[in-house]
Amino acid sequence: MLPLRQFACSWWSCLLNSRAPCVKTLVHGDQRRLFNTSNSRMTIMPAWVIDRYGSNDVLRFTKNAGFPIINYPNEVVVQVHAAGLNPIDVSMRGGYGAATMAMKRDPLNINQSGSEFPLILGRDMSGVIMECGLDVAPAYFKEGDEVSKKPKCLSHIEAAAVPYVAATAWSALVNTGGLNKDNCAKKRILILGGSGGVGTFSIQMLKAWGAHVTVTCSQNAERLVRGLGVDHVVDYTAGPVEVPLRALEKFDLVLDNVGGDTESWALGLLKPWCGAKYVTLVTPFLRNTDQLGIADGMLQTGVTVASKALKHLSKGVHYRWGMFAPNGLALDDISEMVDAGKIRAVVEEEFTFSQVPQAMLKVEKGHARGKTVVKISSGEDSSE
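Residues numbered from 1 in each chain as written. Predicted model: local features only at pLDDT ≥ 70, side-chain atom pairs only at ≥ 80, totals over all residues. Heavy atoms only, no water.

A. A look at the overall build of the chain. For the chain, the count of helices and strands is twelve helices and 14 strands. Residues counted as buried form 54% of the 384 residues belonging to the chain. Considering only residue pairs separated by 6 or more positions, the chain has 70% of its internal contacts joining residues 24 or more positions apart. With an accessible surface of roughly 17,000 Å², the chain has 53% of that area assigned to carbon and sulfur atoms. (Helix = DSSP H or I, 4+ residues; strand = E, 2+ residues; numbered from the N terminus. Buried < 20%, exposed > 50% of the residue type's maximum accessible area, 1.4 Å probe, protein only. Contact = heavy atoms within 4.5 Å. Areas by Shrake-Rupley, 256 points an atom, 1.4 Å probe, with all protein chains shown as cover.)

B. Fine view of the side chain of Thr168. Position of Thr168 relative to the elements: it lies in helix 4 (residues 163-176). Of the residues examined, Thr168 reaches a relative accessible area of 6% and is grouped as buried. In this view, Thr168 contacts Val198, Leu281 and Phe324; residues no more than four positions away in its chain are not counted.

C. View of the packing of helix 2 (residues 98-105) against helix 9 (residues 285-292). Relative orientation of the contacting elements helix 2 and helix 9 amounts to 80°, with a least axis distance of 7 Å. Our classification of the angle between helix 2 and helix 9 gives roughly perpendicular. Along its contact with helix 2, which presents Ala98, Ala99 and Thr100, the element helix 9 presents Leu286, Thr289 and Asp290. Across the contact of helix 2 with helix 9, the residue classes tally to three nonpolar, two polar and one charged. (Axes fitted to C-alpha atoms, helices over the stretch in contact; angles between N-to-C directions. Parallel < 35°, antiparallel > 145°, perpendicular 65-115°, else oblique. Nonpolar A, V, L, I, M, F, W, Y, C, P; charged D, E, K, R; others polar.)

D. Region of interest: the environment of Lys181. By the secondary structure assignment, Lys181 is in the loop between helix 4 and strand 7 (188-192). Judged by its relative accessible area of 60%, Lys181 falls in the exposed class.

E. Examining helix 4 more closely. Across its 14 residues, helix 4 extends 18 Å between first and last C-alpha, which sits within 8% of the 20 Å expected from 1.5 Å per residue. In terms of burial, helix 4 is a largely internal element, 13 of the 14 residues being buried. The first or second residue beyond helix 4 is Gly178, which carries a positive phi of 80°. (Expected span 1.5 Å × (residues − 1).)

F. Summary view of the environment of Gly275. Counting through the fold element by element, Gly275 comes out in the loop between helix 8 (263-266) and strand 11 (277-280). Considered as a pair, Gly275 and Gly316 are 41 residues apart in the sequence and their alpha carbons are 7.6 Å apart.

G. Layout of the sheet that holds strand 9 (residues 232-235). Strands sit in the order 9-8-7-10-11-12 across an open sheet of six strands; the sheet is parallel. Lying at the two open borders of the sheet, with one neighbouring strand each, are strand 9 and strand 12 (318-321). Shown here is a sheet whose adjacent strand axes are inclined to one another by a mean of 15°, direction ignored. Pairing geometry for strand 7 and strand 10 (residues 253-256), over four bridges, is parallel. Residue pairing across strands places Leu192 opposite Asp256, the latter belonging to strand 10. (Pairing = 2+ DSSP bridges.)

H. The pattern of salt bridges, seen in detail. On inspection of all chains with the given rule, the structure shows eleven salt bridges. Measuring nitrogen to oxygen at the nearest pair gives 3.2 Å for the salt bridge that ties Asp252 to Lys271. Note that Asp252 is positioned in the loop between helix 7 (242-246) and strand 10 and Lys271 in the loop between helix 8 and strand 11, a separation of 19 residues in sequence. Its relative accessible area of 18% is what places Asp252 among the buried residues. Residue classification places Lys271 among the partly exposed positions, given a relative accessible area of 22%. (Salt bridge = Lys/Arg side-chain N within 4 Å of Asp/Glu carboxyl O.)

I. Focus on the nonpolar core. Among the nonpolar cores identified, the biggest contains 41 residues, and Phe201, Ile203, Met205, Leu206, Val213, Val215 and Ile334 are the most heavily contacted of them. Breaking this core down by element, the ones donating at least two residues are helix 4, strand 7, helix 5 (197-208), strand 8 (212-217), helix 6 (222-227), strand 10 and helix 11 (328-339). Top contributing element to this core by residue count: helix 4, with seven residues. (Core = buried A, V, L, I, M, F, W, Y, C linked by side-chain atoms within 4.5 Å.)

J. The arrangement of the packing of aromatic side chains in detail. Under the defined criterion, the tally for this structure stands at seven aromatic pairs. Where Tyr140 meets Phe141, the ring centres are 4.5 Å apart and the plane angle is 85°; that geometry is what we call edge-to-face. Connected via pairs of aromatic rings, a cluster forms that spans Trp48, Phe61 and Phe353. The ring of Phe251 carries the charged tip of Arg188 above its face, separated from the ring centre by 4.7 Å. (Phe/Tyr/Trp six-rings, centres within 6.5 Å; stacked < 30°, edge-to-face > 60°. Lys NZ or Arg CZ within 6 Å of the ring centre and 35° of its normal.)

K. Up close: unusual backbone geometry. Cis rather than trans, the peptide bond between Phe117 and Pro118 has omega equal to -5°. Topologically, Pro118 is positioned in the loop between helix 2 and strand 6 (126-132). Unlike most non-glycine residues, Lys186 shows phi in positive territory, near 70°. Counting through the fold element by element, Lys186 comes out in the loop between helix 4 and strand 7.

Right under this line is the structure:
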């Protein structure tokens, strides 16, 4: 949600792709170009910030947020045109992941005050590069590029709906699940929670690769997922969803976007002793580090995932955690799939920059049908 963020990854930056630069974002689309790389001059910009963790009322509009400055030669500054919201943005508004983010911002604990406030939230955006550091290869990124190598067929609103869910789905299905375009044909995949951002993207990528895809969703989302190519839909509002799922042929991979008690029955839906995998995106990793600190939290995380993996391996199936992992090369491939018409952006609702609090509430309510996007309108320079 990069109208709420100064530092960000987009199509894409600070990634596993060594070609890609780090991105700093100008949060308001019509801010005049007053940038200076020398650090000797600092301008301000409008932004939505939080001064403490909490519910939606902690969001505060300001016209005096610090303008991002290039500090390292592999950075770029991006003028944001649109920003996508994700459930994790709502969670982080409440303090989720605060310990891990603090370590990322200040790994050597140099800032003794330790305050991250005022904090600008967000992680998804589409925009235009306005400044490049000296080490940014002009053959790959230059001023005026739609960030970064945005699919040509998408508007900024559509493009802002893709990067975070695309990178999350790729990490879960490819890096963790072992799927790819060459081995996916005829494999049976189950997506628990198929109508949200990650679910709708995963459906399209898997269908483009030839998989048979079953999803769970509510009845009023069936038309959406059918339109994305789903082969079979199970309505979770019609009763215990595991009952109709157990009557189906077993699966090669289960992607869990729901969490809760699904672990107690979902692994039983996998083909035993065939390399089948259960991959959940609902993990206690950041909660552990928040509650126990970085070292103890990571230790607890390792113990938890190892014990569960061993338990289920004895039953002939693989238990795995999936999570967002930035990957520039993957997003290059995804951009090609989008331009080839194999994947489309699924935008449920658009909000203006002045409606950021309403957009956050929309995401917080859940039951998404794709993505919620904030449009940074030209000429809009206040929250009024």
